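Understanding the architecture of this molecule
Letter by letter, the chains look like this.
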Amino acid sequence: MSQGNTDIGGVSLSLGMQGTNPLGVPGAGAVGTSASVSALSSLTSGINAAPPGAASLLSSAPVPGTSLTQQPQLGPATSTVVGGPQQGVDELLPLVVQLTNPEQREGVLLELSKKRESFPDLAPILWHTYGTVSALLQEIVSIYPLLSPPTLTAHASNRVCNALALLQCVASHQETRSLFLSAHVPLYLYPFLNTQSKSRPFEYLRLTSLGVIGALVKMDDADVINFLLQTEIIPLCLRIMETGSELSKTVATFIVQKILLDEVGLSYVCATAERFYAVSTVLNNMVALLALNPSVRLLKHIVRCYLRLSDNQRAREALRQCLPQSLRDETFGNALRDDVTVKKWLGQLLSVVGSAAPAGAGNGGNGAGVAGPVPASDGSVGVSGGSSVVSTGSGGGNLQQ
């Protein structure tokens, strides 16, 4: 069986449709962990260089991932098709057309999800074939009633994850990405990101939805960043960063990191105290949890977010007060001893915000009582005491270009 592997923020996530599935639905295809994270695979490939470039988030060497299925990666796309590329396309087109047939759709979704990594131009075929995108959106909206109250089943989660995997393909393709945004398709995924149930079907649904957004931000497209800021993606990511599984936290933090690496994104977050404090408080709380259960793959994205925030003068002053003490001392020394890149980023961060908190500053690692920012006379970030918030709504101020 063909499958695809992707790597988001050091998390290797594979799409493998073989026999059973991690949600325990016989014959439904291995979507769950493998397919939901499949939509994430290519997200951090090709971003392996030192900061500050928005396309350079990680080290110059590939970051080792944790494969959930430990399956071999695909070779070149055309090599998996017996008889050459044309025969493969000829086999693909009837499947795409069958998406518009409700009776055949479930099986076709599974089959196309298996084949999507083998056909680089599947995205334009999906987008330009009559009725196919509408069929995928029908799959998405059909489970809205199952979100509240949370009654989503494993089978339904598997099925919609296959549809989302195909949308991730459309989101990441250069020819269809702008069309995908212009149609506001990502908005159909926001209800999934807003769910709070911790059951496995919901977790896989959120993870796959994050993969679609991650595929967009990986492209380093200013239009993508503007769209996501205007549609308030940051509060949804912040909630997942606080309450999701480690995989979901990692991908959500990666998305926030990519937004911050864009100049407009950084200006947006630092435009008001409320926005900056919403982001910094969630990061602080995550660091406090990682001090108890370290995860290097998650910590590296948190450190990169802090480092990028420090590029803003007002945010840098605030971080001198509220950066968690556990990042200033040797709390993560053992966890980071083999990760040269993260240690370098952390060293750069401490060189600009200081290795010790000023006298009287709150402990930035524990949420309540954290020293936080307040508006300066120009509406940007200063620092004072405050309480945790998880909202970056546009009411806090205008976007600074």
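Before any of the text, the structure's been laid out above.
So, a few notes on the structure that sits alongside this text.

Below, the discussion takes up the pattern of salt bridges. Any two side chains of opposite charge can pair, so long as their charged atoms come close to each other. Following the criterion strictly, the structure yields 13 salt bridges and no others. Here Asp221 ties to Arg177 by a salt bridge, and the two come within 3.4 Å at their closest N and O atoms. Note that Asp221 is positioned in the loop between helix H9 (200-217) and helix H10 (222-230) and Arg177 in helix H7 (residues 174-182), a separation of 44 residues in sequence. Classification of Arg177 as buried rests on a relative accessible area of 11%. Between Glu263 and Arg308 there is a salt bridge; the shortest N-O distance is 2.9 Å. With Glu263 in helix H13 (residues 263-270) and Arg308 in helix H15 (residues 296-309), this pair connects stretches of sequence that are 45 residues apart. A relative accessible area of 6% means that Arg308 is categorised as buried. Salt bridges here are not isolated pairs; linked through shared partners, they connect Arg105, Glu106, Glu139 and Arg159.

As for its position among the elements, Thr132 is in helix H5 (residues 132-141). Here the side chain of Thr132 touches Leu126 through a polar contact of 2.2 Å, landing on its backbone oxygen. Those residues in contact with Thr132 that lie beyond four places of it in its chain are Val96, Leu99, Thr100, Leu126 and Trp127.

A few words now on helix H3 (residues 102-115). Here H3 is 14 residues long and its end C-alpha atoms lie 20 Å apart, about the 20 Å a rise of 1.5 Å per residue gives. Taking the largest bend as the criterion, H3 deviates by roughly 30°, centred on Val108. Residues of H3 that are buried: Arg105, Val108, Leu109, Leu110, Leu112, Ser113 and Lys114. The N-terminus of H3 is capped by Asn101, whose side-chain oxygen sits 3.0 Å from the backbone nitrogen of Glu103.

Among the nonpolar cores identified, the biggest contains 101 residues, and Ile233 and Leu309 are the most heavily contacted of them. Apart from the residues lying within four places of it in its own chain, the contact partners of Ile233 are Tyr190, Leu193, Ile213, Leu228 and Ile259.

Looking now at the packing of aromatic side chains. Under the counting rule described, the total for this entry stands at one aromatic pair. Seen from the ring of Tyr268, Arg275 lies directly overhead, with NZ or CZ sitting 3.8 Å from the centre. Taking NZ or CZ as reference, Arg304 lies 5.6 Å from the ring centre of Trp345, over its face.

In the contact formed by H5 and helix H6 (residues 154-172), the axes pass within 9 Å of each other and the chain directions differ by 140°. The orientation of H5 relative to H6 falls into the category oblique. When you trace H5 past H6, the crossing you get is left-handed. Residue-level inspection shows Leu136, Glu139 and Ile140 of H5 in contact with H6, the latter providing Arg159, Val160, Ala163, Leu164, Leu166 and Leu167. Broken down by class, the residue content of the contact of H5 with H6 amounts to seven nonpolar, no polar and two charged.

A separate point is the environment of His155. Position of His155 among the secondary structure elements: in helix H6. Separated by 46 residues in the primary sequence, His155 and Pro201 have C-alpha atoms spaced 8.4 Å apart.

With that settled, the discussion passes to helix H18 (residues 340-353). The end-to-end C-alpha distance of H18, which contains 14 residues, comes to 20 Å, matching closely the 20 Å that a straight helix rising 1.5 Å per residue would cover. Every buried residue of H18 is listed here: Thr341, Val342, Trp345, Leu346, Leu349, Leu350 and Val353. Projected onto a plane normal to the axis of H18, the buried residues spread over an arc of 165° and lie on a single side. In H18, the exposed residues that point more than 90 degrees away from the buried face are Val340 and Ser351. For H18, the secondary structure elements touched by its buried residues are H15, helix H16 (313-322) and helix H17 (325-328). One side-chain oxygen at the N-terminal end of H18 lies 3.3 Å from the backbone nitrogen of Thr341; it belongs to Asp339. With its phi angle positive at about 100°, Gly354 sits one or two positions after the end of H18.

With their axes 9 Å apart at the nearest point, H6 and H9 run at an angle of 5° to one another. Judged on the interaxial angle alone, H9 and H6 are roughly parallel. Residues Ala154, Ser157, Val160, Cys161, Leu164, Ala165, Leu167, Gln168, Ala171 and Ser172 of H6 touch H9, and the partners they reach there are Pro201, Tyr204, Leu205, Thr208, Ser209, Gly211, Val212, Ala215 and Leu216. Looking at side-chain class alone, the contact of H6 with H9 contains 13 nonpolar, six polar and no charged residues.

On to unusual backbone geometry, then. Cis geometry is found at the peptide bond from Ser148 to Pro149, where omega equals -5°. Here Pro149 is to be found in the loop between H5 and H6. Non-glycine residue His184 carries a positive phi angle of around 60°. Even without being glycine, Glu232 reaches a positive phi, approximately 60°. Position of Glu232 relative to the elements: it lies in the loop between H10 and helix H11 (233-243).

Parameters at a glance
Residues numbered from 1 in each chain as written. Predicted model: local features only at pLDDT ≥ 70, side-chain atom pairs only at ≥ 80, totals over all residues. Heavy atoms only, no water. Salt bridge = Lys/Arg side-chain N within 4 Å of Asp/Glu carboxyl O. Helix = DSSP H or I, 4+ residues; strand = E, 2+ residues; numbered from the N terminus. Buried < 20%, exposed > 50% of the residue type's maximum accessible area, 1.4 Å probe, protein only. Polar contact = N/O pair within 3.5 Å; in protein donor to acceptor, adjacent residues only side chain to side chain. Contact = heavy atoms within 4.5 Å. Expected span 1.5 Å × (residues − 1). Bend = angle between axes of the 7 residues up to and from the residue. Core = buried A, V, L, I, M, F, W, Y, C linked by side-chain atoms within 4.5 Å. Phe/Tyr/Trp six-rings, centres within 6.5 Å; stacked < 30°, edge-to-face > 60°. Lys NZ or Arg CZ within 6 Å of the ring centre and 35° of its normal. Axes fitted to C-alpha atoms, helices over the stretch in contact; angles between N-to-C directions. Parallel < 35°, antiparallel > 145°, perpendicular 65-115°, else oblique. Left-handed = near helix turned anticlockwise from the far one by under 90°. Nonpolar A, V, L, I, M, F, W, Y, C, P; charged D, E, K, R; others polar. Arc of directions from axis to C-beta.

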